[in-house]
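Summary of the model geometry
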Amino acid sequence: AVPPRDAWDRLEAKLPKVQAPFLQEAAQPSSKFMAWFSHMARGAGHAFNRSLGDITMRKRYILGSGAAVLALALIAVLTFQRVVPVSAQTILDRATAAQAAQSAAQGIQHTRIEIYENPQAVEGKQAGTTVINESYYDPSTGYYHFLSQDLNGKVLEVGAVDGSFDYTALAEDIHNGSITIHRTPLNQDDVQKKLTGNGETTNAESLFDHFRKNPHVEVAGKETRDGRQVYVLVNRNFQTSKLPNGQDQKDFIGTMTMVFDAKTYQLVESETTVYKDGKEIVIEKVRFLVDEVLQPGTPVDWSLTNLQNVTFVDDQPQEVDDVSFETISAEQLAAHTNLYSQAFVLNNIPEGFTQEIVAMSNQPSDEPYRYEIHYRNASSGAAFNLQAVGVMDEGFIEKSFYDGSYKAANGLVLNYSSSQPEGSENGTAGMLTVPGGTSFLLDSTLSRAEVEALVDDLVPLK
């Protein structure tokens, strides 16, 4: 998912010292929680990765905003030719198998993807922006090459690994056609990961895992596009609101779709819409122009020497500061709250549950305060967790947490993910947002109905 890369860059830029420890199994806070979040962010985080010199994470954006994230987001009102006697589960299983076979094939993986983004849901046929992301990846060496351009051929972003160096140029490194590429030598750990393939988790099964486990996905039909037969899978999203009289109101909020080749089961196209002011507006549309495996040894410019007007700047890997965490009281947390660092706690802690607040020690005073709140029942294993992640882009939330939403009577909005938190078969995951304010990653072992009851009970910490 994800999610547009610039949104993840902004998020990860805000969490440079928090995310890395949370992804380690030995961390005190919920490592599984952040591991689930990073899974949602597969394919992003360049600014964060530059600061860490982390080749493992950087390799994950070989698909650009590609298949791993695009499998989460997808679409418009279509006219379908006929009912298809094939289930959504069957199509997704076959698509997963097809992607697994392609990933296992010997050679260089090559994708070229057209991405239209309109995160603010502005009306108009071309209200957003369109980019072309092209990537090459050699699983046998760990080498990769990534280039993002607009429709006029202007370079927007560049990245590569050639076995000796990690190369990166982000938007701020490109001015008037001149490109400054930061070149960082790989350390021994990076080289070992490259040689063994450790850390490369972009696999076919994960691409469609969210849709496969989503009971709301339907087969909308089979049709002909560009001379080939395709299956169209749709997930229609609704928001349930709690009315003052205690009744629930259900409103249509948008549609997600995946389009697969009916013969090869490759992902062909995806689209995401939101329903706004009585109209369905496209906020993201993706087309896979090329998705192939080239012969081993096919020449690729892994070191970016073929680019024009390039200046290489040699950087050294930066050490990540040691981070410590501490358990704090509700009163201590309240001292750090403001418009952009809000805190909500349960007004009534369920019987058998305990409340624990964990925060990073010595946080900068001029940045949003980062913390987690955990509610756990030791005897039953039930858990309800919130992690503050600052103010999030609305378009990012709509595209990445797309499986319906719930608006509580207290005004909080929970956008669901179709995936379950790690280790939970029937749990709930999503992004909880204060309208106009901060957002919280939410994961729980509880059902959606149970989670919604807890969300209703959340009150501002004062």
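Remember, it's a predicted structure, so these values are computed and weren't measured experimentally.

**Here's the deal with helix 13 (residues 448-456)**
Buried within helix 13 we find Val 451, Glu 452, Leu 454 and Val 455. Projected down its long axis, helix 13 carries its buried residues within an arc of 160 degrees, all on one side.

**Considering the confidence of the model for the chain**
This prediction gives the chain a mean pLDDT of 75; 73% of its residues lie at or above 70. Under a pLDDT of 50 for its full length, residues 1-84 has, in the predicted model, 254 contacts with residues more than four places off or in other chains.

**Here we look at unusual backbone geometry**
Positive phi outside glycine occurs at Leu 304, with the angle close to 65 degrees. Mapping Leu 304 onto the fold places it in the loop between strand 12 (279-294) and strand 13 (310-314). Of note in the backbone geometry, Asn 362 takes a positive phi value of approximately 55 degrees without being a glycine. In this structure, Asn 362 sits in the loop between strand 16 (353-360) and strand 17 (371-377). Taking the relative accessible area as the measure of exposure, Asn 362 reaches 76% and is therefore exposed.

**So, the nonpolar core**
Ranked by internal contacts, the top residues of the largest apolar core, which has 34 residues, are Leu 333, Tyr 371, Phe 384, Leu 432, Phe 440 and Val 455. Of all elements in the fold, only helix 11 (330-334), strand 15 (344-346), strand 16, strand 17, strand 18 (383-390), strand 20 (413-417), strand 22 (439-444) and helix 13 reach the threshold of two or more residues within this core. Excluding residues that lie within four positions of it along the chain, Phe 384 makes contacts with Leu 346, Ile 373, His 374, Tyr 375, Leu 442, Asp 443, Ser 444, Val 451 and Leu 454. Formed by 18 residues, the second largest nonpolar core is a distinct cluster that contains Ile 113, Leu 233, Ala 262 and Val 286.

**Brief notes about the pattern of salt bridges**
Per the counting criterion, the structure on display carries 13 salt bridges. The closest approach of N and O atoms between Arg 287 and Glu 114, which form a salt bridge, is 3.1 Å. You can see Arg 287 sitting in strand 12 and its partner Glu 114 sitting in strand 1 (residues 108-117), a full 173 residues away along the chain. The partner of Glu 271 in a salt bridge is Lys 285, and the shortest N-O contact between them spans 3.7 Å. With Glu 271 in strand 11 (residues 267-276) and Lys 285 in strand 12, this pair connects stretches of sequence that are 14 residues apart. Lys 285 gets classed as partly exposed once you look at its relative accessible area, which sits at 31%.

**Focus on the packing of aromatic side chains**
Scanning all chains against the criterion turns up 10 aromatic pairs. Ring geometry for Tyr 167 against Phe 312: centres 6.1 Å apart, planes inclined by 70 degrees, an arrangement best described as edge-to-face. Here Tyr 167 is found in strand 5 (residues 165-169), whereas its partner Phe 312 is found in strand 13, with 145 residues between them in sequence. For Phe 312, a relative accessible area of 29% gives the class partly exposed. Taken together, Phe 344, Tyr 369, Tyr 371 and Phe 440 form an aromatic cluster joined through their ring pairs. The cationic tip of Lys 250 hangs over the ring face of Phe 238; the distance from NZ or CZ to the ring centre is 5.1 Å.

**Describing the pairing of strand 21 (residues 428-433)**
With six of its six residues buried, strand 21 lies for the most part within the structure. Side chains Thr 428, Gly 430 and Leu 432 of strand 21 all project onto a buried face; the interleaved residues Ala 429, Met 431 and Thr 433 project onto the opposite face, where all are buried too. Where strand 20 and strand 21 come together, five bridges link them in antiparallel fashion. Along strand 21, the bridge assignment pairs Tyr 416 with Gly 430. Examined bridge by bridge, strand 21 and strand 22 share six bridges and lie antiparallel to one another. Residue Leu 432 lies in a different strand from strand 22, and its bridge partner there is Phe 440.

**What to know about helix 7 (residues 88-104)**
Compared with an ideal rise of 1.5 Å per residue, which puts 17 residues at 24 Å, helix 7 spans 24 Å between its outermost C-alpha atoms and is within 8% of the ideal. Of all the residues in helix 7, the buried ones are Ala 88, Ile 91, Leu 92, Ala 95, Thr 96, Gln 99 and Gln 102. Burial along helix 7 is one-sided: seen end-on, the buried residues are contained in an arc of 135 degrees.

**Quick word on the pairing of strand 3 (residues 143-150)**
Here eight bridges tie strand 2 (residues 129-138) to strand 3, and the two strands are oriented antiparallel to one another. Among the inter-strand pairings, Val 131 is bridged to a residue of strand 3, identified as Asp 150. Hairpin connection, strand 2 to strand 3: the antiparallel pair is bridged by four residues, and Gly 142 has positive phi, about 85 degrees. Alignment of strand 3 against strand 4 (residues 155-161), held across six bridges, turns out to be antiparallel. The residue bridging His 145 from the neighbouring strand is Ala 160, located in strand 4. Here strand 3 folds back onto strand 4, and the loop between the two strands holds four residues, one of which, Gly 153, carries a positive phi near 90 degrees.

**Thoughts on the environment of Leu 412**
In this fold, Leu 412 is placed in the loop between strand 19 (405-407) and strand 20. Under the relative-accessibility criterion, Leu 412 is labelled buried at 2%. Note: C-alpha distance between Leu 412 and Val 434 (22 residues apart in sequence) is 5.2 Å. Apart from residues lying up to four places away in sequence, Leu 412 is in contact with Phe 344, Tyr 406, Lys 407, Leu 432, Thr 433, Val 434, Pro 435, Val 455 and Leu 458.

**Notes on the environment of Ile 91**
Take Ile 91: it is sitting in helix 7. Accessibility expressed as a relative area gives 0% for Ile 91, which makes it buried. Taking C-alpha positions, Ile 91 is 8.8 Å from Leu 233, a pair spaced 142 residues apart along the chain. Ignoring any residue separated from it by four or fewer positions in sequence, one finds Ile 91 in contact with Val 86, Val 219, Tyr 231, Leu 233, Phe 260 and Tyr 265.

Cut-offs applied
Residues numbered from 1 in each chain as written. Predicted model: local features only at pLDDT ≥ 70, side-chain atom pairs only at ≥ 80, totals over all residues. Heavy atoms only, no water. Buried < 20%, exposed > 50% of the residue type's maximum accessible area, 1.4 Å probe, protein only. Helix = DSSP H or I, 4+ residues; strand = E, 2+ residues; numbered from the N terminus. Arc of directions from axis to C-beta. pLDDT = per-residue confidence, 0-100. Contact = heavy atoms within 4.5 Å. Core = buried A, V, L, I, M, F, W, Y, C linked by side-chain atoms within 4.5 Å. Salt bridge = Lys/Arg side-chain N within 4 Å of Asp/Glu carboxyl O. Phe/Tyr/Trp six-rings, centres within 6.5 Å; stacked < 30°, edge-to-face > 60°. Lys NZ or Arg CZ within 6 Å of the ring centre and 35° of its normal. Pairing = 2+ DSSP bridges. Expected span 1.5 Å × (residues − 1).

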